[in-house]
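# Coordinate inspection notes
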Amino acid sequence: MNCMIKTESEIKKMRKSGKLTAEVLEMIGKYLQPDINTEEINQICHDYIIYEKKATSACLGYHGFPKSICVSINDVVCHGIPNKKQILKEGDIVNIDISIVKNNYYTDASKMFFIGNTSILSKRLCKVARESLYKSLQFIKPGIKLYKIGEIIQNYVESNHFSVVKEYCGHGIGRTFHEKPHVLHYKNKENDIILKKGMIFTIEPMINAGKPEVKCMEDGWTIKTKDGSLSAQYEHTILVTDNGCDVLTWQKDEEIKEKIVNIN
Ligand code: MF3
Ligand code: CO
């Protein structure tokens, strides 16, 4: 029995969990305006997850993480901790990362939001990050090797003169938050697992406008670009199907389909 393959009944629960994660991201957009602080954003998501969706946050208490979501602004690459002193302002780009547990099954997704008018560079960086994820989704089907995902993302990002963060990767997900396999966002031929129907994992490229190196702040969580350049990330939880993949955390405003067919 391959531990990375989910059963039909597990897949059903993952679909449900994924839909809830997507709904949090759909819900929060309208609140992301200049002057809101990131603790307020955390509280709105927390209440929605608990009281409306009867689910729990996978982040709260995870290795001591103190809040229910991650909010990562501008040069913050990932794992930004919500804080009432941190206030959104016009021109910011913000990643909201939502990880929930519903009926014991985890799903994980994130996307970028623009606060008012943002620079051309910001918009381009976010577009390239999103497209890199979408391009990898258009390749997924049973029989391909895992490193192909990283190869597609890296080639696309670097051909657009941005860089891929190497320290963090996507991951299998299911009854636990982080499972096998590691899903790298750059090419590494040792990553030669063959994709099979029923695998569920995240793809979550972090893309920097400048150099790929990152640094960890004193809070032990917040990761920033070393050179101070902007960073963007999009993340989905996906299921490998017979003929492609299903985006379990698909949201209404996506420019890809929920069910992606890659074999005709
Ligand atoms: N959502 C992140 C991931 O993709 C994990 C965040 S863990 C936290 O794996 F503790 F920082 F929330
Ligand atoms: Co993840």
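Up top is the structure these notes are about.
Residues numbered from 1 in each chain as written. Chains lettered and ligands numbered in written order. Predicted model: local features only at pLDDT ≥ 70, side-chain atom pairs only at ≥ 80, totals over all residues. Heavy atoms only, no water.

All right, on to the coordination of the cobalt ion (ligand 2) then. Distances from the cobalt ion (ligand 2) to its protein donors, Asp108 (OD), His171 (NE2), Glu204 (OE) and Glu235 (OE), fall at 2.1 to 2.3 Å. With six donor atoms in place around the cobalt ion (ligand 2) and angles of 49 to 157° between them, the coordination shape is irregular. For the cobalt ion (ligand 2), all donor residues lie on one chain, and their spacing in sequence is D-x62-H-x32-E-x30-E. Of this pair, histidine 171 sits in strand 7 (residues 170-172) while glutamate 235 sits in the loop between strand 13 (231-233) and strand 14 (236-240), and the two are 64 residues apart along the sequence. (Donors = N, O, S within 2.8 Å, 3.2 Å for Na, K, Ca; no water. Tetrahedral: all angles 85-135°; square planar, octahedral: opposite > 155°, others 65-115°. Helix = DSSP H or I, 4+ residues; strand = E, 2+ residues; numbered from the N terminus.)

Counting buried positions along strand 14 gives five out of five residues, so the element sits mostly inside the fold. By the alternation rule, side chains of strand 14 split into His236, Ile238 and Val240 and Thr237 and Leu239, which are all buried. Of the strand pairs in this sheet, strand 9 (residues 200-203) and strand 14 are connected by four bridges, and their pairing is antiparallel. Counterpart to threonine 202 in the pairing with strand 14 is threonine 237. Here three bridges tie strand 14 to strand 15 (residues 244-247), and the two strands are oriented antiparallel to one another. Each bridged residue has a counterpart across the sheet, and for leucine 239 the counterpart in strand 15 is aspartate 246. (Buried < 20%, exposed > 50% of the residue type's maximum accessible area, 1.4 Å probe, protein only. Pairing = 2+ DSSP bridges.)

For the pair helix 1 (residues 8-28) and helix 2 (residues 38-52), the least separation of the axes is 10 Å and the interaxial angle reads 140°. In terms of axis orientation, helix 1 runs oblique to helix 2. Crossing of helix 1 against helix 2: the hand is right-handed. Residues Glu23, Val24, Met27 and Ile28 of helix 1 form the contact with helix 2, whose own contacting residues are Ile41, Ile44, Cys45, Tyr48 and Ile49. (Axes fitted to C-alpha atoms, helices over the stretch in contact; angles between N-to-C directions. Parallel < 35°, antiparallel > 145°, perpendicular 65-115°, else oblique. Left-handed = near helix turned anticlockwise from the far one by under 90°. Contact = heavy atoms within 4.5 Å.)

Glancing now at the side chain of histidine 185. With respect to the secondary-structure elements, histidine 185 resides in the loop between strand 8 (179-183) and strand 9. By relative accessible area, histidine 185 is classed as buried at 1%. Here the side chain of histidine 185 touches glutamate 204 through a polar contact of 2.9 Å, landing on its backbone nitrogen. In this structure, histidine 185 is in contact with Gly150, Ile153, Gln154, Val164, Tyr168, Cys169, Gly170, Ile203, Glu204 and Pro205, ignoring residues within four places of it in sequence. (Polar contact = N/O pair within 3.5 Å; in protein donor to acceptor, adjacent residues only side chain to side chain.)

What follows is about the pattern of salt bridges. Using the criterion set out here, one finds 13 salt bridges in the structure. Lysine 53 is the partner of glutamate 23 in a salt bridge, and the nearest nitrogen-oxygen pair spans 2.9 Å. With glutamate 23 in helix 1 and lysine 53 in the loop between helix 2 and strand 1 (56-57), this residue pair connects regions lying 30 residues apart in the sequence. Take glutamate 23: its relative accessible area is 16%, and that puts it in the buried class. Residue class for lysine 53 comes out buried when judged on its relative accessible area of 18%. Residues joined in a network through salt bridges with shared partners are Arg15, Asp246 and Lys259. (Salt bridge = Lys/Arg side-chain N within 4 Å of Asp/Glu carboxyl O.)

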